[in-house]
Amino acid sequence: MENNYYVAVIGAGPAGLFGARELAAQGVRVAIFNRDIKAGGLAEYGIYPVKHMMKAGLRKQFHQTLDLADLDYYGNVTIGTRGDLTLDELRALGFDAVLVTAGAQGTKSLGLPGEELEGVYHAKDVVFFYNKLPPFSQRKFRFGKRCAIIGAGNVMVDIARHLIYVQKVEEIISIVRRGPAEVNFTKDEMKHLITYLDLDEFDREMERVRPALQAINQDLEAGRHKILDSLPKADPKTENAKFHFDFLASPTGMFGENGFLTKLEVEDNILTEKDGKISAKGTGNKRTIDVDTVIFAIGDKVDESFGLPTEWNEFIKNKEPRFPVDGLSFESPVEGVFVGGWSRKASEGLVGYARKDGISAAKAVWQYLQTKQPANVNAETVVAKMKGLNKPIVTKDDLKRLEPVEAEEAKKRGLEEFKFASNEEMLQAMGLTETA
Ligand SMILES: Cc1cc2nc3c(=O)[nH]c(=O)nc-3n(C[C@H](O)[C@H](O)[C@H](O)COP(=O)(O)OP(=O)(O)OC[C@H]3O[C@@H](n4cnc5c(N)ncnc54)[C@H](O)[C@@H]3O)c2cc1C
Ligand SMILES: NC(=O)c1ccc[n+]([C@@H]2O[C@H](COP(=O)([O-])OP(=O)(O)OC[C@H]3O[C@@H](n4cnc5c(N)ncnc54)[C@H](OP(=O)(O)O)[C@@H]3O)[C@@H](O)[C@H]2O)c1
């Protein structure tokens with residue numbers, strides 16, 4: 001089974017780790033390069049912190065992958081034009097193929113006035129902050145008492161939970177550009193938040209948007225159900241907070257005083273329908289909402305500075321792939337470079353989706369490898385290149401030293417989980433230092 005192929009995987013989130021496992025199962029040697037010290041990507045630094053069982057289950061699977069003999073892990077290494085090594089420098093090491101599973105690290109900015117104000121944030125930064133990913137874990141946020149979250153997906157729900165339970169925010173408004181029937185969160189997630197929904201206000205809001213829904217012959221009850229169906233399983237109310245929706249509203253600007261956000265301006269929308277697709281259309285009517293914080297939870301895009309060509313927030317994929325899997329293209333236009341998971345389709349789906357996508361991407365890589373002779377890369381060259389970066393590079397053995405230290409800290413503090421909030425502390429716990 002073993003062969004002399006050596007593939008570089010960039011990113012150790014679910015797509016990268018499951019993709020690497022798939023390649024290793026074919027006898028391919030794999031080197032994973034990961035920006036973060038720890039493996040797991042958003043499974044470690046995105047999934048809501050109290051989902052301990054889910055996180056533990058995923059970590060167990062990730063450990064099994066990292067334990068594979070023919071898999072090398074280089075953590076604390078960023079690939080990209082602003083990274084430790086450019087993609088071209090990595091390719092120059094001679095890998096037989098490169099699989100990019102670096103997630104969607106770019107920020108979708110709407111280019112609105114006031115985005116620079118203190119109090120205006122993007123979801124990824126907030127999520128990384130509360131999941132303790134350095135350096136976001138050390139950043140200061142100003143959440144205040146009244147917070148608007150743009151978007152109505154599961155990320156909005158997670159952030160609203162954090163704001164209510166941890167930051168003790170008093171009022172949260174979800175700004176939804178379309179209507180109640182188009183919200184994108186799931187019942188299973190909304191049950192953690194729905195208890196804070198002000199039901200009288202919700203009824204008034206449904207009445208306010210009734211004419212717009214009727215104009216496209218939409219059943220008012222469809223949206224009501226979509227939102228309220230999570231009520232029977234709602235978490236108990238323990239905080240003094242209020243949550244509500246502002247439907248048919250798109251942000252148009254933020255205003256502040258002395259650099260601090262004070263108001264969000266929105267434009268009212270109507271709904272249009274074409275070929276079953278429901279879109280929001282601005283009416284020109286604008287109004288302002290007093291807020292301390294605005295968080296954009298509108299999905300992310302890939303990192304445009306990574307070093308691969310992009311189009312419409314995504315890395316370009318060959319439209320006529322030589323190695324399709326399930327009819328999908330995982331091929332970048334750069335020879336031998338493939339993309340998978342959220343690097344193929346930004347902000348799409350759950351861990352299970354990223355896993356499947358990473359495996360499919362690996363299958364595409366495997367098909368490609370069959371068309372070429374192994375380049376017989378010397379693994380020592382890769383090790384030497386890593387050493388030459390003059391920074392601490394984290395191996396899978398190093399990670400094994402970090403886990404017991406964090407577990408011990410958790411025990412001491414009586415916590416279910418403890419994470420060091422800085423790279424320095426993690427490196428120190430592993431016996432590595434910044435000058436290593
Ligand atoms: C807030 C939030 C909560 C979520 N909650 C859930 C949930 O409860 N359940 C669920 O099933 N799904 C959840 N998801 C979805 C799930 O996290 C994703 O589907 C999945 O993590 C995507 O996997 P990925 O490997 O493609 O990318 P990611 O998980 O983003 O992994 C990318 C990896 O690439 C590395 N990387 C990035 N840039 C570079 C670079 N330049 N060089 C080297 N390495 C790099 C990162 O360090 C990271 O390890 C959530 C998503 C978010 C945003
Ligand atoms: N607990 C969980 O299981 C969990 C938690 C978090 C995330 N996830 C998963 O991670 C993925 C990403 O989640 P997400 O919440 O970021 O994305 P999402 O589900 O796509 O939601 C994004 C929201 O932002 C809105 N939006 C997009 N562009 C906008 C714009 N320009 N102006 C105003 N609103 C805009 C969207 O509205 P439109 O619908 O009108 O486009 C939508 O309501 C999803 O698959 C999600 O299920 C899962």
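Residues numbered from 1 in each chain as written. Chains lettered and ligands numbered in written order. Predicted model: local features only at pLDDT ≥ 70, side-chain atom pairs only at ≥ 80, totals over all residues. Heavy atoms only, no water.

**Q** It is not clear to me how the sheet that holds strand β11 (residues 260-274) should be interpreted in this structure. Could you clarify?
**A** Where strands meet in a sheet, backbone hydrogen bonds hold them as pairs that are either parallel or antiparallel. Ordered in space as β10-β11-β12, the three strands form an open sheet in which the pairing is antiparallel. Each edge of the sheet is formed by a strand with only one pairing partner; in this case those strands are β10 (249-257) and β12 (277-290). Put simply, the sheet's adjacent strands are angled 20° from each other on average, direction ignored. (Pairing = 2+ DSSP bridges. Helix = DSSP H or I, 4+ residues; strand = E, 2+ residues; numbered from the N terminus. Axes fitted to C-alpha atoms, helices over the stretch in contact; angles between N-to-C directions.)

**Q** How do you make sense of the environment of G282 when you look at a structure like this?
**A** Residue placement: G282 occurs in strand β12. Judged by its relative accessible area of 41%, G282 is partly exposed. In this structure, the C-alpha to C-alpha distance between G282 and E267, residues 15 residues apart in sequence, is 6.3 Å. Apart from the residues within four sequence positions on either side, G282 is in contact with E267, D268 and N269. (Buried < 20%, exposed > 50% of the residue type's maximum accessible area, 1.4 Å probe, protein only. Contact = heavy atoms within 4.5 Å.)

**Q** Help me understand the packing of aromatic side chains, please; the structure alone is not making it clear to me.
**A** Remark: the centre distance and the inter-plane angle together describe each pair of aromatic rings, the angle taken between the planes. For the structure shown, the criterion picks out 21 aromatic pairs. Ring geometry for F33 against Y74: centres 5.3 Å apart, planes inclined by 20°, an arrangement best described as stacked. Of this pair, F33 sits in strand β2 (residues 29-34) while Y74 is found in strand β3 (residues 71-75), placing the two residues 41 residues apart along the sequence. On the basis of an interplanar angle of 65° and a centroid distance of 6.2 Å, the ring pair of Y121 and F143 is categorised as edge-to-face. (Phe/Tyr/Trp six-rings, centres within 6.5 Å; stacked < 30°, edge-to-face > 60°.)

**Q** It is not clear to me how helix α8 (residues 199-215) should be interpreted in this structure. Could you clarify?
**A** Its 17 residues give α8 an end-to-end C-alpha distance of 24 Å, which sits within 8% of 24 Å, the value for a rise of 1.5 Å per residue. Of all the bends in α8, the greatest reaches close to 45° and is centred on V209; the proline P211 follows between one and four positions later. Restricting attention to buried positions, one finds in α8 the residues F202, E205, M206, V209, A212 and L213. For α8, the N-terminal cap is D198; the gap from its side-chain oxygen to the backbone nitrogen of D200 is 3.3 Å. Phi turns positive, to about 55°, at N217, one or two residues after α8. (Expected span 1.5 Å × (residues − 1). Bend = angle between axes of the 7 residues up to and from the residue. Polar contact = N/O pair within 3.5 Å; in protein donor to acceptor, adjacent residues only side chain to side chain.)

**Q** Just checking my understanding: could you explain the site of ligand 1 for this structure?
**A** Close contacts around ligand 1 come from 33 residues, with N34, D36, K51, I79 and W342 the closest. P14 places a main-chain nitrogen or oxygen 3.2 Å from an oxygen atom of ligand 1. Within the contact set of ligand 1, an oxygen atom lies 2.8 Å away from a backbone nitrogen or oxygen of L42. Protein coverage of the free-state accessible area of ligand 1, which is 1000 Å², stands at 94%. Of all elements in the fold, only α1 (14-25), β2, α6 (154-165) and α10 (351-369) reach the threshold of two or more residues within the shell around ligand 1. (Near = heavy atom within 4 Å. Areas by Shrake-Rupley, 256 points an atom, 1.4 Å probe, with all protein chains shown as cover.)

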